[in-house]
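Chain by chain, the residues:
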Protein chains: 2
Amino acid sequence: MRVSELVAQTGVPLATVKYYLREGLLMAGDATSATRAEYGERHVHRLVLIKALSGLGLPIPKIRVVLQLIDHPQDSLFDTLGAAIAALPPYVDANAAEFPRAKSVLDRLGQIYDPQFVAVAQLESALAAAEGIGMPMTGERIDAYGRHIRGIAEADLAPIPPSTESAIEYAVLGTAIYEPVIAAMRRLAHQDLMSKMLDPNRKAPTS
Amino acid sequence: MRVSELVAQTGVPLATVKYYLREGLLMAGDATSATRAEYGERHVHRLVLIKALSGLGLPIPKIRVVLQLIDHPQDSLFDTLGAAIAALPPYVDANAAEFPRAKSVLDRLGQIYDPQFVAVAQLESALAAAEGIGMPMTGERIDAYGRHIRGIAEADLAPIPPSTESAIEYAVLGTAIYEPVIAAMRRLAHQDLMSKMLDPNRKAPTS
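It should be emphasised that the depicted structure is a prediction, and the values quoted were computed from it without experimental measurement.

> Give me the lowdown on the nonpolar core, citing residues and values where you can.
Counting residues in each nonpolar core, the largest one holds 130 residues, and the members touching the most others are L123 of chain A together with L123 of chain B. Setting aside chain neighbours within four positions, we find L123 of chain A in contact with A102, V105 and L106 of chain A together with V181, A184, M185 and L188 of chain B.

Structure follows, in structure tokens:
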């Protein structure tokens, strides 16, 4: 297909496609003349992926990290996925020497973790913020959260795709895209529980 | 205490304190002369709360909504909490006529919800984004998420404070402050599960 059809199929504007080509994020098409190139399904797939990553808030250098891992995965799938997930926001200072709050939670839950994994720094930062407004996590809350978040993570990992390339895409997109789903569902679960606490006879609306 | 001590105790700069006073977010102190006023614990508490809400990403008009609900709660605690939570980000278009994806999830889970509650629009927007990148929620995922998010919400509501004022503060701050904790813990649970899938004999580090 011509570049105009690539634009039509993906909804990515021509100027943006050209920018991704210059930046090396989108692989070049097959040149058919000095000014024309032919594109295929892998270009469509790559453009849709870049668009999704951009929509998740990743700046260009972080998108590049994910794409390079897809094109050149490390020997260990575990390390490759860890490096790809580390490209996702929020971007916190991961160079702190210690993560005492995060370490305490993870040890309490008996979880295996790589202290270099950026989610450890993200957890430390989130726990420090909760402490900062006078709402540190109690042991009861850590245990309940740990148990139920593990259940969510198991559901996430159940359908993990077989190829390394699709596993990386699934992990990166699935990690980020469901975070706002979980946040909204939690707010709605609060409303449902509050509603039943305040009026135990209330029923779910039939529809 | 003098305004300078208010600044010292809360870490909020003087210019910001004066701005909050002008905007009516912080109640005036008791005037002791034409140019001096005396502040007390309720001013410290209010400033710390405004600082926390601002840190959670609420713009001034949304902070005002929360404070007005604390100062003038509606008759129904349920409605008051709903209105306060609605002041939290993310700010999505809540004026859509229908929320078919969110409604389908909530009906499947048998949850009570107010269709006007902004979290319904937030869920719709999050589900549409997942669908948009080709990862719509399956029924299995909805069920697993629903069950475990309910468990998290129960842990959240267990220690809800008795007074209306503190319940509103707890609900607003607790809803938002634990969202990044949950996101980071989910990423770490993925790592733990992946690690055990790839090497079942691996043990948690002893420390």
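More follows now that the structure is in view.
> How would you summarise unusual backbone geometry if you had to cite specific residues and measurements?
Most peptide bonds adopt trans geometry, and most residues besides glycine take a negative phi value. Between P89 of chain A and P90 of chain A the backbone carries a cis peptide bond, its omega angle lying at 5°. By the secondary structure assignment, P90 of chain A is in the loop between α5 (77–85) and α6 (100–109).

> How would you summarise the interface of chain B and chain A if you had to cite specific residues and measurements?
When the parts of a complex come together, some accessible area is lost, and that lost area is often taken as the interface size. At the interface, 79 residues of chain B touch 79 residues of chain A. Of the roughly 7,600 Å² buried between chain B and chain A on both sides combined, carbon and sulfur atoms contribute 72%. At the junction of chain B with chain A, the criterion picks out eight salt bridges. At the junction of chain B with chain A, the criterion picks out 31 residue pairs in polar contact (both at pLDDT 80 or more). Ranked by the residues each element gives to the side of chain B that touches chain A, the list is headed by helix α10 (residues 179–198) of chain B, at 20 residues. Classifying every residue of the side of chain B that touches chain A by side-chain character gives 53 nonpolar, twelve polar and 14 charged.

> Would you mind going over the pattern of salt bridges in detail, with residue names and values included?
Two side chains carrying opposite charge are able to pair once their charged atoms lie near each other. According to the stated counting rule, one finds 24 salt bridges over all chains in the structure shown. A salt bridge links E23 of chain A to R64 of chain A; the nearest nitrogen and oxygen atoms lie 2.7 Å apart. Taken together, the positions of E23 of chain A in helix α2 (residues 14–23) and R64 of chain A in helix α4 (residues 60–71) put the pair 41 residues apart, joining distant regions of the chain. Here E23 of chain A falls in the partly exposed class, since its relative accessible area comes to 30%. We note a salt bridge from R150 of chain A to D192 of chain B, for which the minimum N-O separation is 2.8 Å. One end of the pair, R150 of chain A, is in helix α8 (residues 139–157); the other, D192 of chain B, is in helix α10, on a second chain.

> Mind laying out the relation of the copies chain B and chain A, listing which residues take part and the relevant values?
Take chain B, turn it by 180°, move it 0.0 Å along the axis, and it overlays chain A with an RMSD of 0.0 Å. Expressed as an axis order, the relation between the two copies is that of a two-fold axis. Scanning chain B for the C-alpha nearest the rotation axis identifies H148 of chain B, at a separation of 2.4 Å. Take the interface residues of chain B: 100% of them recur as interface residues in chain A, which is what a same-surface contact looks like.

> Any details on a nonpolar patch on the surface? Residues and values, ideally.
Residues L77 of chain A together with M197 and L198 of chain B make up a contiguous nonpolar surface patch of about 260 Å² in total accessible area. Following the sequence through the fold, M197 of chain B ends up in helix α10.

> Go over the side chain of Q111 of chain B with me, naming the residues and quoting the values.
For Q111 of chain B, the location among the structural elements is in the loop between α6 (100–109) and α7 (118–132). Q111 of chain B gets classed as buried once you look at its relative accessible area, which sits at 5%. In terms of polar contacts, Q111 of chain B uses its side chain to reach the backbone carbonyl oxygen of L188 of chain A, at 3.4 Å.

Here is what the cut-offs are and how they apply
Residues numbered from 1 in each chain as written. Chains lettered and ligands numbered in written order. Predicted model: local features only at pLDDT ≥ 70, side-chain atom pairs only at ≥ 80, totals over all residues. Heavy atoms only, no water. Core = buried A, V, L, I, M, F, W, Y, C linked by side-chain atoms within 4.5 Å. Buried < 20%, exposed > 50% of the residue type's maximum accessible area, 1.4 Å probe, protein only. Contact = heavy atoms within 4.5 Å. Helix = DSSP H or I, 4+ residues; strand = E, 2+ residues; numbered from the N terminus. Buried area = accessible area lost by both parts, 1.4 Å probe. Salt bridge = Lys/Arg side-chain N within 4 Å of Asp/Glu carboxyl O. Polar contact = N/O pair within 3.5 Å; in protein donor to acceptor, adjacent residues only side chain to side chain. Nonpolar A, V, L, I, M, F, W, Y, C, P; charged D, E, K, R; others polar. Least-squares fit on C-alpha atoms with pLDDT ≥ 70 in both. Patch = residues over 30% accessible without salt bridge, like charges linked within 9 Å, V, L, I, M, F, W, Y side chains within 5 Å. Areas by Shrake-Rupley, 256 points an atom, 1.4 Å probe, with all protein chains shown as cover.

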